[in-house]
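The primary structure of each chain is shown beneath.
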Amino acid sequence: MSEKKTEVTLIKSKGKVSNAIMTGNDIEGYEEVKLIDAIGDVTNTTASYNRIVSNEALILLEKLKNEAADLNLDKENENQLNQHMSNIENTIGTSGFSNVYKEFTNFIAAHMTIMTPLMPFIVQLAQYIKT
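Read on for an overview of the structure.

Scoring rules and cut-offs
- Residues numbered from 1 in each chain as written.
- Predicted model: local features only at pLDDT ≥ 70, side-chain atom pairs only at ≥ 80, totals over all residues.
- Heavy atoms only, no water.
- Helix = DSSP H or I, 4+ residues; strand = E, 2+ residues; numbered from the N terminus.
- Expected span 1.5 Å × (residues − 1).
- Buried < 20%, exposed > 50% of the residue type's maximum accessible area, 1.4 Å probe, protein only.
- Arc of directions from axis to C-beta.
- Contact = heavy atoms within 4.5 Å.
- Axes fitted to C-alpha atoms, helices over the stretch in contact; angles between N-to-C directions.
- Parallel < 35°, antiparallel > 145°, perpendicular 65-115°, else oblique.
- Left-handed = near helix turned anticlockwise from the far one by under 90°.

A look at helix H1 (residues 55-69)
Point 1. Taking 1.5 Å of rise per residue, 15 residues should cover 21 Å, and H1 covers 21 Å from first to last C-alpha, within 8% of that figure.
Point 2. Among the residues of H1, Ala57, Leu60, Leu61, Leu64 and Ala68 are the ones counted as buried. Angularly, the buried residues of H1 cover 100 degrees about the axis, an arc narrow enough to put them on a single face. Facing away from the buried side of H1 by more than 90 degrees, the exposed set consists of Asn55 and Ala69.
Point 3. Residues of H1 that are buried make contact with helix H2 (75-91) and helix H4 (112-125).

Laid out in C-alpha coordinates, this is it:
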(Lines give C-alpha, C1' and ligand atoms only; values in the text may rest on other atoms or scores of the structure.)
Protein backbone atom coordinates (compact mmCIF):
# COMPACT_ATOMS: atom_id res chain seq x y z
CA MET A 1 0.00 0.00 0.00
CA SER A 2 1.19 3.49 -0.77
CA GLU A 3 1.78 6.30 1.70
CA LYS A 4 -0.89 8.83 2.53
CA LYS A 5 -1.26 11.34 -0.29
CA THR A 6 -0.84 14.96 0.72
CA GLU A 7 -3.70 16.46 -1.25
CA VAL A 8 -6.62 15.67 -3.51
CA THR A 9 -8.46 18.60 -4.99
CA LEU A 10 -12.21 18.20 -5.20
CA ILE A 11 -12.95 21.90 -4.68
CA LYS A 12 -11.58 23.91 -7.53
CA SER A 13 -12.98 26.99 -9.19
CA LYS A 14 -11.79 29.46 -11.78
CA GLY A 15 -14.35 31.85 -10.31
CA LYS A 16 -15.06 33.12 -6.82
CA VAL A 17 -15.85 30.70 -3.96
CA SER A 18 -18.04 32.01 -1.13
CA ASN A 19 -20.18 30.41 1.57
CA ALA A 20 -18.85 26.92 0.82
CA ILE A 21 -19.09 24.68 3.87
CA MET A 22 -17.47 21.28 4.30
CA THR A 23 -18.28 19.24 7.41
CA GLY A 24 -18.20 15.64 8.56
CA ASN A 25 -16.40 14.29 5.50
CA ASP A 26 -14.44 11.05 6.05
CA ILE A 27 -11.38 10.83 3.87
CA GLU A 28 -9.02 7.87 3.79
CA GLY A 29 -5.61 8.24 2.22
CA TYR A 30 -5.45 12.02 1.90
CA GLU A 31 -4.45 14.80 4.28
CA GLU A 32 -6.29 17.62 2.51
CA VAL A 33 -9.44 17.33 0.48
CA LYS A 34 -11.46 19.91 -1.39
CA LEU A 35 -14.91 18.79 -2.48
CA ILE A 36 -16.22 21.13 -5.19
CA ASP A 37 -15.03 21.55 -8.77
CA ALA A 38 -16.42 24.47 -10.78
CA ILE A 39 -15.62 26.64 -13.76
CA GLY A 40 -17.50 29.70 -12.45
CA ASP A 41 -18.42 31.09 -9.06
CA VAL A 42 -19.37 28.76 -6.19
CA THR A 43 -21.76 30.16 -3.59
CA ASN A 44 -23.89 28.75 -0.80
CA THR A 45 -22.61 25.20 -1.24
CA THR A 46 -22.40 22.56 1.46
CA ALA A 47 -20.52 19.27 1.19
CA SER A 48 -21.25 17.11 4.21
CA TYR A 49 -20.74 13.50 5.18
CA ASN A 50 -19.01 12.35 2.03
CA ARG A 51 -16.78 9.28 2.21
CA ILE A 52 -13.69 9.21 0.02
CA VAL A 53 -11.63 6.04 -0.10
CA SER A 54 -8.38 5.59 -2.00
CA ASN A 55 -8.09 3.23 -4.93
CA GLU A 56 -5.57 1.17 -2.92
CA ALA A 57 -8.16 0.56 -0.19
CA LEU A 58 -10.77 -0.49 -2.74
CA ILE A 59 -8.33 -2.95 -4.35
CA LEU A 60 -7.47 -4.39 -0.92
CA LEU A 61 -11.17 -4.84 -0.08
CA GLU A 62 -11.78 -6.62 -3.39
CA LYS A 63 -8.85 -9.00 -2.79
CA LEU A 64 -10.11 -9.68 0.75
CA LYS A 65 -13.58 -10.52 -0.56
CA ASN A 66 -12.16 -12.84 -3.23
CA GLU A 67 -9.95 -14.68 -0.74
CA ALA A 68 -12.83 -15.03 1.74
CA ALA A 69 -15.12 -16.37 -0.99
CA ASP A 70 -12.64 -19.20 -1.64
CA LEU A 71 -12.74 -20.41 1.98
CA ASN A 72 -14.74 -23.56 2.54
CA LEU A 73 -16.76 -22.51 5.60
CA ASP A 74 -19.90 -23.77 7.25
CA LYS A 75 -22.91 -21.51 6.75
CA GLU A 76 -22.75 -19.87 10.20
CA ASN A 77 -19.09 -18.87 9.91
CA GLU A 78 -19.58 -17.79 6.30
CA ASN A 79 -22.47 -15.51 7.33
CA GLN A 80 -20.48 -14.04 10.21
CA LEU A 81 -17.43 -13.47 8.01
CA ASN A 82 -19.55 -11.80 5.34
CA GLN A 83 -21.11 -9.51 7.95
CA HIS A 84 -17.68 -8.50 9.27
CA MET A 85 -16.39 -7.83 5.75
CA SER A 86 -19.47 -5.75 4.97
CA ASN A 87 -18.86 -3.72 8.13
CA ILE A 88 -15.23 -3.19 7.09
CA GLU A 89 -16.25 -2.05 3.63
CA ASN A 90 -18.85 0.35 5.04
CA THR A 91 -16.52 1.96 7.59
CA ILE A 92 -13.04 1.98 6.05
CA GLY A 93 -11.79 5.54 6.01
CA THR A 94 -14.09 6.62 8.84
CA SER A 95 -13.57 7.11 12.56
CA GLY A 96 -15.75 4.02 13.19
CA PHE A 97 -13.37 1.72 11.33
CA SER A 98 -11.19 1.13 14.41
CA ASN A 99 -13.98 -0.69 16.30
CA VAL A 100 -15.05 -2.68 13.24
CA TYR A 101 -11.44 -3.73 12.61
CA LYS A 102 -11.10 -4.86 16.25
CA GLU A 103 -14.32 -6.91 16.05
CA PHE A 104 -13.14 -8.50 12.79
CA THR A 105 -9.73 -9.45 14.19
CA ASN A 106 -11.38 -10.90 17.32
CA PHE A 107 -13.66 -13.02 15.14
CA ILE A 108 -10.94 -14.43 12.91
CA ALA A 109 -8.55 -14.99 15.83
CA ALA A 110 -10.98 -17.61 17.10
CA HIS A 111 -10.93 -19.44 13.76
CA MET A 112 -7.50 -20.56 12.52
CA THR A 113 -8.90 -21.80 9.21
CA ILE A 114 -10.19 -18.28 8.55
CA MET A 115 -7.31 -16.36 10.10
CA THR A 116 -4.44 -18.02 8.24
CA PRO A 117 -5.44 -17.09 4.66
CA LEU A 118 -6.77 -13.67 5.67
CA MET A 119 -3.82 -12.59 7.84
CA PRO A 120 -2.06 -10.60 5.07
CA PHE A 121 -5.22 -8.52 4.65
CA ILE A 122 -5.55 -7.93 8.38
CA VAL A 123 -2.05 -6.46 8.45
CA GLN A 124 -2.76 -4.23 5.44
CA LEU A 125 -6.13 -3.06 6.78
CA ALA A 126 -4.47 -1.81 9.97
CA GLN A 127 -3.12 1.22 8.09
CA TYR A 128 -6.68 2.55 7.74
CA ILE A 129 -7.28 2.86 11.48
CA LYS A 130 -7.69 6.53 12.34
CA THR A 131 -5.94 7.61 15.50
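There's more to say after this.
Notes on H4
Point 1. A rise of 1.5 Å per residue sets the reference length of H4, with its 14 residues, at 20 Å; its end C-alpha atoms lie 18 Å apart and thus fit the reference within 8%.
Point 2. In this structure, the buried side of H4 is in contact with H1, H2 and helix H3 (97-109).

Looking at the side chain of Thr91
Point 1. Tracing the chain through its elements places Thr91 in helix H2.
Point 2. The buried category is assigned to Thr91, whose relative accessible area is 17%.
Point 3. Leaving out residues up to four positions away in the same chain, Thr91 has contacts with Arg51, Gly96, Phe97 and Val100.

As for the environment of Leu125
Point 1. Structurally, the position occupied by Leu125 is in helix H4.
Point 2. Residues Leu125 and Ala57, spaced 68 residues apart in sequence, show a C-alpha to C-alpha distance of 8.1 Å.
Point 3. Dropping the residues within four chain positions of it, Leu125 is found in contact with Leu60, Leu61, Leu64, Ile88, Ile92, Phe97 and Tyr101.

Some details on the packing of H1 against H4
Point 1. Between H1 and H4, the least distance of the axes is 10 Å, while the angle of their chain directions is 160 degrees. Comparing the axis directions of H1 and H4 gives the class roughly antiparallel. Two packed elements cross with a definite hand, and for H1 against H4 that hand is left-handed. For the pair H1 and H4, the contacting residues are Leu60, Leu61, Lys63, Leu64, Glu67 and Ala68 in the first and Pro117, Leu118, Phe121, Gln124 and Leu125 in the second.

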